[in-house]
Amino acid sequence: MATLSFEGETHDEIVRKVRRWLASLDGAEEHIDVVEAVERASELTKDALTVVAQAAPGPIGRSEIVKALTRMGYETTDTTRRAVVAGLDALADASQSGDGVIKRVEKARNSVFYEMNAAVARQVLRALRP
């Protein structure tokens, strides 16, 4: 008889593992965008902070220092997540606008490559002439 089991510290963790397993059965890889990846990494970091805090021996785990450090870790994770998402949004805005920074950089890059290719072609032709 075949069995299947999932291990996790929280209900949400087990649900995520089950969903990942079910998606693998359908053959459909779950593709997420960058913002979703940042959100998931943030939640994973918070879960890790919780696990570390809970792993501390009783009196230490209940101390105000551990609670404060865990709370600071949560706040830092949330602040970092917001900053990264804001940066990604700004980058998306810059690249999608009609004459955005990224489009201008791409045009300049293409121009430089063209100039380089033309110069290289002239040098090759000079080298081939007797």
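The structure displayed is predicted, hence computed values, not measured ones.

Glancing now at the overall build of the chain. In terms of helices and strands, the chain carries five helices and zero strands. The order of helices and strands in the chain, counted from the N terminus, is α-α-α-α-α. Relative to its full complement of 130 residues, the chain shows a buried share of 10%. Summing over all exposed atoms, the chain offers an accessible surface of approximately 10600 Å²; the carbon and sulfur share of this is 61%.

Turning our attention to a nonpolar patch on the surface. A cluster of nonpolar side chains, Leu4, Trp21, Leu22 and Leu25, forms an exposed patch at the surface whose accessible area comes to about 380 Å². Mapping Leu4 onto the fold places it in the segment before helix H1 (11-26). Relative accessible area serves as the criterion here: at 49%, Leu4 is assigned to the partly exposed category.

As enumerated under the stated definition, the model contains six salt bridges in all. Between Glu36 and Arg40 there is a salt bridge, with the nearest N and O atoms lying 3.2 Å from each other. Pair noted here: Glu36 and Arg40 are both in helix H2 (residues 34-55), with a separation of four residues, about one helical turn. With relative accessibility at 34%, the residue Glu36 sits in the partly exposed group. Ionic pairing is found between Glu43 and Lys46, a salt bridge with its closest N-O pair at 3.6 Å. Here Lys46 and Glu43 lie together in helix H2, a separation of three residues that amounts to about one turn. Each of Glu39, Glu43, Lys46, Asp78 and Arg81 takes part in salt bridges that share partners, so that together they form one network.

Below, the discussion takes up the confidence of the model for the chain. Per-residue confidence for the chain gives a mean pLDDT of 79; residues scoring 70 or more make up 88%. Mean pLDDT in the chain bottoms out at helix H5 (residues 101-128), which sits at 73, and peaks at helix H4 (residues 64-96), which reaches 87.

This part is about the side chain of Lys46. For Lys46, a relative accessible area of 13% puts it in the buried group. Each residue touching Lys46, except ones within four places of it in the same chain, is listed here: Tyr74, Thr77 and Asp78.

What follows deals with the side chain of Arg81. Along the chain, Arg81 falls in helix H4. Beyond its immediate sequence surroundings of up to four residues, Arg81 is in contact with Val38, Glu39 and Ser42.

What counts, and where the lines are drawn
- Residues numbered from 1 in each chain as written.
- Predicted model: local features only at pLDDT ≥ 70, side-chain atom pairs only at ≥ 80, totals over all residues.
- Heavy atoms only, no water.
- Helix = DSSP H or I, 4+ residues; strand = E, 2+ residues; numbered from the N terminus.
- Buried < 20%, exposed > 50% of the residue type's maximum accessible area, 1.4 Å probe, protein only.
- Areas by Shrake-Rupley, 256 points an atom, 1.4 Å probe, with all protein chains shown as cover.
- Patch = residues over 30% accessible without salt bridge, like charges linked within 9 Å, V, L, I, M, F, W, Y side chains within 5 Å.
- Salt bridge = Lys/Arg side-chain N within 4 Å of Asp/Glu carboxyl O.
- pLDDT = per-residue confidence, 0-100.
- Contact = heavy atoms within 4.5 Å.

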